[in-house]
Amino acid sequence: MQLVVMSVFEITLFACNEHLGVHIYKAADIGGSIFLHTFGAYFGLAVAYMLRSKEAMKSSKEGSSYHSDIFAMIGTLFLWMFWPSFNSALAVGDEQHRSVINTFVALLACCVVTFALSSLVDGEGRFNMVHIQNATLAGGVAIGSTANMMVQPYGAMMIGTVAALISTMGYRFATPFLTKNLKIHDTCGVNNLHGMPGVLAGIVSAVVAAMASEENYGYTLYHLYPARSPAENTTEFQKIHSVVIGIEPGSGWSKASQAYAQLEALLTTLVIAIVGGILTGCIIRLPIFDPPKKDQLFDDTDYWEVPEEEP
């Protein structure tokens, strides 16, 4: 029941936040790194904070085994291979082509750097399976908001490298810090794979938006950033509309305005996710949603009593 209630609140808040970011702020987020990964990560962490308990912090039953690591690696390989299709699903034309290439390059750089960092922070030169199964995917999250932009291969490599750094270091330092100081039980490390790389993606999207110009993209710039399209009934819009079909009139935003919109969408997402998660955690902690105690599962009548055998 607690999971059902949490899902209802999370999906509702997610839809409202995405509508606010896309239709009000006019932010661009082709791969959902801001509205999906960042929101989901910090909403979940906020709920986990409200449901924290001393008993959970002392649990020692979360260690991996050889067989669980093998099956988890199968999932990681599938995610790694198909992440470019996730980031490019909503793109069209040349944007889709760039999305696939940029995502692959970011994942490649992230994967190589994660292996190197994992062996360095281990202390004994070994690869940590938690890093390999998770941090190798952080590049796909970090490039998500700008996958369809002209970030160039070196830009995608830089984004993937930084994502690997913050994700691997997050598993090494941030997760123990959250557990010890905030009592947040981040079992799967969503802060390191989705949260921090998602924030990085939002910051990168603002930088890329501040650099995007008509000289680089041509009139396709107004497909990427509809708010930057000239207003209707202007000479500029009529000129663009006569060359490229499908361009909608916009607000004539500048580079700086679009960059601010990206940052506003990121900050709003963080606020809605954290505040919404805390309120949801408070709601599902109400007695009405408490799971039944062990002695409340059955009433006084023991329906499972085995009849005595006749002598």
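These figures come from a predicted structure and were not determined experimentally.

### Section: the packing of helix α9 (residues 190-211) against helix α13 (residues 255-284)
Right, on to step 1. In contact at an axis separation of 7 Å, α9 and α13 are set at 165 degrees when each is read in the N-to-C sense. The pairing of α9 with α13 is recorded here as roughly antiparallel in orientation. In this structure, α9 crosses over α13, and the sense of that crossing is right-handed. Contacts between α9 and α13 involve G198, V199, G202, I203, S205, A206, A209 and A210 from the former and K255, Q258, A259, Q262, L263, L266 and L270 from the latter.

### Overview of the nonpolar core
Right, on to step 1. Core analysis: the largest hydrophobic core is formed by 39 residues, its most contacted members being I143, M149, V208, Y217 and Y225.
Right, on to step 2. At the level of elements, α4 (66-88), α5 (94-122), α7 (138-142), α8 (152-182), α9, α11 (221-224) and α12 (235-243) are the ones that each hand at least two residues to this core.
Right, on to step 3. Apart from residues lying up to four places away in sequence, Y225 is in contact with A28, M149, S205, V208, A209, A212, Q258 and Q262.
Right, on to step 4. Counting residues in each nonpolar core, the second largest holds 14 residues, with A41, F43, L45 and A273 among its members.

### A closer look at the layout of surface pockets
Right, on to step 1. Here the largest pocket defines a volume of roughly 800 Å³.
Right, on to step 2. Lining the largest pocket are 33 residues, with V130, N134, Y171, T187 and C188 sitting closest to its centre.
Right, on to step 3. Ranked by the residues each element gives to the lining of the largest pocket, the list is headed by α4, at 10 residues.
Right, on to step 4. Of the residues contributing to the lining of the largest pocket, the split by class is 14 nonpolar, 16 polar and 3 charged.
Right, on to step 5. Volume-wise, the second largest pocket comes out at about 670 Å³.
Right, on to step 6. Considering the residues around the second largest pocket, the lining is formed by 31 residues, among which V22, A27, A28, D29 and I30 are closest to the centre.
Right, on to step 7. Those elements giving two or more residues to the lining of the second largest pocket turn out to be α1 (2-24), α2 (33-50) and α11.
Right, on to step 8. Looking at which element gives the most residues to the lining of the second largest pocket, the answer is α1, with 4 residues.
Right, on to step 9. Considering only residue class, the lining of the second largest pocket consists of 18 nonpolar, 9 polar and 4 charged.

What counts as what
- Residues numbered from 1 in each chain as written.
- Predicted model: local features only at pLDDT ≥ 70, side-chain atom pairs only at ≥ 80, totals over all residues.
- Heavy atoms only, no water.
- Axes fitted to C-alpha atoms, helices over the stretch in contact; angles between N-to-C directions.
- Helix = DSSP H or I, 4+ residues; strand = E, 2+ residues; numbered from the N terminus.
- Parallel < 35°, antiparallel > 145°, perpendicular 65-115°, else oblique.
- Left-handed = near helix turned anticlockwise from the far one by under 90°.
- Contact = heavy atoms within 4.5 Å.
- Core = buried A, V, L, I, M, F, W, Y, C linked by side-chain atoms within 4.5 Å.
- Buried < 20%, exposed > 50% of the residue type's maximum accessible area, 1.4 Å probe, protein only.
- 1 Å grid on protein atoms, 1.4 Å probe; cavity = no way out; pocket = protein on both sides within 12 Å on 5 of 7 lines; lining within 4 Å.
- Points joined across faces, edges and corners; volume = space filled by probe spheres on them.
- Nonpolar A, V, L, I, M, F, W, Y, C, P; charged D, E, K, R; others polar.

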